[in-house]
Amino acid sequence: MITIKKARKIYPSKKGEVKAVDDVNLEVKEGEIFGVIGYSGAGKSTLIRMLNGLEIPTSGSVIVAGREVSKIKGAELRKARQEISMIFQHFNLLWSRTVADNIAFPLEIAGVPKAERDKRVKELISLVGLDGRGDAYPSQLSGGQKQRVGIARALANNPKVLLGDEATSALDPQTTDQILDLLVDINKRLGLTIVLITHEMHVIRKICHRVAVMEGGRIVETGHVLDVFKNPQQPITKRFVQQVTEPEETKETVDHLLDRYPHGRVIQLTFVGEGVEQPLITNLIRKFEITVTIVQGKISQTQNGSYGILFIHLDGEEEELDNAITFIGQHEVGVEVISNG
Amino acid sequence: MAETLFPNVNWDRMWGATVDTLYMSAISVVATFLIGAILGLLLFLTATDNIWGNKLIHVVLSAVVNIFRSIPFIILIVLLIPFTKIIVGSMIGKNAALPALIIGSAPFYARMVEIGLREIDKGVIEAARSMGAKTTTIIWKVLLPESMPALVSGITVTAIALVSYTAMAGVIGAGGLGNLAYLEGFQRGRSDVTLMATIIILIIVFLIQIIGDSITRKLDKR
Ligand SMILES: Nc1ncnc2c1ncn2[C@@H]1O[C@H](COP(=O)(O)OP(=O)(O)OP(=O)(O)O)[C@@H](O)[C@H]1O
Ligand SMILES: [Mg+2]
């Protein structure tokens with residue numbers, strides 16, 4: 001559905017040139033929810049704006065839904081944009097229009113007749129759960145409702161691709177989750193390909209199938225979300241993964257524990273997919289002469305399975321501890337000894 | 001009552017002058033609105049990093065607007081005498097004031113339009129572009145409606161300025177209340193005539209303000 005080849009975007013600036021996007025290759029499949037994560041200034045917005053021709057790459061090619069967006073111009077580009085719609089961090093609704101008229105706007109652009117427009121607007125209002133609010137003005141809506149209007153508007157012309165630039169970054173956590181659920185629902189129901197840009201790993205974890213990590217204009221890591229969670233390669237990816245898997249207090253707790261229990265070992269277990277459901281702790285206690293204390297844990301759901309992290313403290317004879325750790329390693333569970341007591 | 005307070009006022013002529021003032025104001029407001037909106041849109045759209053970004057056109061337009069905006073109105077009337085004679089055929093009467101009124105206020109209004117347009121959230125224009133909107137669609141369906149409260153409050157201020165310009169134009173020969181107040185009131189020392197003309201002008205100004213404010217408030221859904 002989307003192919004980016006050797007895309008580069010260079011902005012001239014006083015201090016030499018800024019490589020906003022630097023040699024990016026990317027492939028997004030039809031029906032996929034693809035996430036791009038990176039810190040501020042990584043070049044995410046520049047990259048996503050290339051997908052609908054709001055930004056023209058300095059070199060390289062961008063093909064979306066069979067059209068080379070980086071080459072076409074004028075009427076052809078405008079036609080292509082009706083199939084590649086976008087939602088925005090600040091919603092970008094027309095305040096002078098009601099909810100219904102905002103949603104009708106792309107239909108007006110596409111030249112859909114009035115009667116058909118009204119019918120389609122009704123469907124869309126219901127699809128995004130805004131029944132009864134059609135005559136409200138954007139200023140009378142909450143952020144979450146505004147983004148629903150943005151989504152309805154983006155879906156009006158039955159696009160093939162939906163782009164979201166920080167679409168949930170202006171929303172509180174609960175509203176973010178509602179909007180993300182709506183996006184998953186739309187993806188499943190309409191088979192829409194979705195590309196999301198974000199700096200929150202939570203968004204990636206919750207709805208994306210695959211993820212690309214961007215840093216300094218380059219994509220430094222790509223993969224299935226669960227694989228990236230399980231086995232992050234780059235330091236920046238590890239930091240993003242920690243955003244959602246490790247509660248903030250983990251390090252403090254572990255330090256505290258090491259002080260309190262000078263004996264034994266603190267171990268970090270990583271469960272992926274099936275691994276989450278094993279009765280591992282029970283087996284440990286039954287099979288070995290050791291005590292097990294659970295320190296902290298967290299399980300996260302991703303679109304391709306669950307992922308969990310558990311910190312435990314083991315105490316007992318040295319040999320027994322070694323055997324227990326070997327035993328854990330034989331299961332589908334990652335083991336990392338944080339520190340010997 | 002009116003006879004005793006305003007003994008020298010000829011009400012028929014006062015009424016005729018009021019109609020002339022309203023005529024001059026109305027025509028020049030409409031023309032200023034149209035010309036100013038077009039100029040303002042051009043100023044906005046030709047700014048670098050905008051849709052029609054064109055430095056040369058923008059600079060030239062900007063300079064013309066600034067020059068005409070800075071010339072004091074009374075001097076502008078004098079400067080425009082040859083021009084007015086060609087297109088109106090005379091320097092006397094209500095039509096004679098129109099060229100100067102319009103040329104004097106359209107650039108002033110154009111700047112207000114430009115400021116109004118700049119206040120539109122860039123994201124909204126970008127959203128329209130991302131939907132595949134043409135520039136004309138963006139102008140008619142985004143730029144004008146989204147800046148309408150600013151355009152209306154701007155034309156209100158301009159209209160009020162225009163009413164006082166008509167009075168100034170009256171002094172040098174154009175008709176209307178200014179002309180009446182000057183010829184019959186000031187030159188003949190009949191201050192009641194001047195006072196009455198002033199009162200009517202004030203009423204016109206207040207009405208414009210009230211109407212303009214209420215339309216602005218209705219339009220503004222932010
Ligand atoms: N029009 C422009 N002119 C010059 N430099 C630009 C322009 N747009 C972006 N840049 C630069 O390109 C780099 C990438 O910008 P971009 O907006 O794509 O980052 P981002 O990842 O979206 O960041 P954020 O999370 O803050 O939105 C930045 O260093 C930015 O300063
Ligand atoms: Mg950005």
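Overview of the structure.

Procedures and definitions
Residues numbered from 1 in each chain as written. Chains lettered and ligands numbered in written order. Predicted model: local features only at pLDDT ≥ 70, side-chain atom pairs only at ≥ 80, totals over all residues. Heavy atoms only, no water. Helix = DSSP H or I, 4+ residues; strand = E, 2+ residues; numbered from the N terminus. Buried < 20%, exposed > 50% of the residue type's maximum accessible area, 1.4 Å probe, protein only. Contact = heavy atoms within 4.5 Å. Areas by Shrake-Rupley, 256 points an atom, 1.4 Å probe, with all protein chains shown as cover. Lys, Arg positive; Asp, Glu negative; His and termini not counted. Charge placed at Lys NZ, Arg CZ, Asp CG, Glu CD. Buried area = accessible area lost by both parts, 1.4 Å probe. Salt bridge = Lys/Arg side-chain N within 4 Å of Asp/Glu carboxyl O. Polar contact = N/O pair within 3.5 Å; in protein donor to acceptor, adjacent residues only side chain to side chain. Near = heavy atom within 4 Å. Axes fitted to C-alpha atoms, helices over the stretch in contact; angles between N-to-C directions. Parallel < 35°, antiparallel > 145°, perpendicular 65-115°, else oblique. Left-handed = near helix turned anticlockwise from the far one by under 90°. Nonpolar A, V, L, I, M, F, W, Y, C, P; charged D, E, K, R; others polar.

## Notes on the overall build of chain A
And step 1. Helix and strand content of chain A: twelve helices and 14 strands.
And step 2. A buried classification covers 53% of the 341 residues belonging to chain A.
And step 3. Across chain A, contacts joining residues at least 24 apart in sequence account for 70% of those joining residues at least 6 apart.
And step 4. Surface accessibility of chain A: about 15,600 Å² in total, with carbon and sulfur atoms responsible for 47%.
And step 5. Counting 42 positive and 44 negative side-chain charges, chain A places the averaged centre of each group 11 Å from the other.

## With respect to the overall build of chain B
And step 1. Assigned secondary structure in chain B consists of ten helices and zero strands.
And step 2. Along the chain direction, N to C, the helices and strands of chain B fall in the order α-α-α-α-α-α-α-α-α-α.
And step 3. C-alpha atoms of chain B, sized along the principal axes, occupy 70 × 40 × 25 Å.
And step 4. Carbon and sulfur atoms make up 70% of the accessible area of chain B, which totals about 11,100 Å².
And step 5. For chain B, the distance from the average site of its 17 positive side-chain charges to the average site of its 13 negative ones is 6 Å.

## A word on the interface of chain A and chain B
Where interface size is quoted, it is often the accessible area lost as the parts come together.
And step 1. In this assembly, 22 residues from chain A lie in contact with 22 residues from chain B.
And step 2. When chain A packs against chain B, the two sides together hide about 2,000 Å² of surface, and 61% of this comes from carbon and sulfur.
And step 3. Looking only at chain A, the three residues that lose the most surface to chain B are R78, W95 and I109 of chain A, adding up to 32% of its buried area.
And step 4. Inspection of the region where chain A meets chain B yields two salt bridges.
And step 5. As a salt-bridge pair, E126 of chain B and R49 of chain A come within 2.2 Å of each other at their nearest N and O atoms.
And step 6. At the boundary of chain A and chain B, one finds seven residue pairs in polar contact (both at pLDDT 80 or more).
And step 7. Counting residues per element, the ones that place at least two in the side of chain A that touches chain B are helix 2 (74–81), strand 6 (84–88) and helix 3 (99–109) of chain A.
And step 8. The element best represented in the side of chain A that touches chain B is helix 3 of chain A, accounting for four residues.

## Brief notes about the side chain of T166 of chain B
Residues and elements named next belong to chain B.
And step 1. For T166, the position within the fold is in helix 8 (residues 135–171).
And step 2. Among the residues examined, T166 registers a relative accessible area of 2% and is labelled buried.
And step 3. Not counting the four nearest positions on each side in its chain, T166 is found in contact with T21, M24, S25, L101 and G175.

## Overview of the site of ligand 1
Residue and element names in this part refer to chain A.
And step 1. Lining the immediate environment of ligand 1, one finds Y11, V18, A20, Y39, S40, G41, A42, G43, K44, S45, T46 and E166.
And step 2. The contact in question runs from an oxygen atom of ligand 1 to an N or O atom on the backbone of G43, over 2.9 Å.
And step 3. One of the side-chain nitrogen or oxygen atoms of S45 is found 2.6 Å away from an oxygen atom of ligand 1.
And step 4. Summarising the interface, the protein chains cover 58% of the accessible area of ligand 1, which totals 630 Å² for the free molecule.

## Structural notes on the packing of helix 7 (residues 122–130) of chain B against helix 8 of chain B
Residues and elements named next belong to chain B.
And step 1. At a minimum axis distance of 11 Å, the contact between helix 7 and helix 8 shows a crossing angle of 160°. Of the possible angle classes, the one that applies to helix 7 and helix 8 is roughly antiparallel. Like other packed secondary-structure pairs, helix 7 and helix 8 cross with a definite hand, here right-handed. Residues V124, I125, A128 and R129 of helix 7 form the contact with helix 8, whose own contacting residues are I138, V142, L143 and E146.
And step 2. Of the residues that constitute the contact of helix 7 with helix 8, the class distribution is six nonpolar, no polar and two charged.

Worth remembering: the numbers are spatial, not functional.
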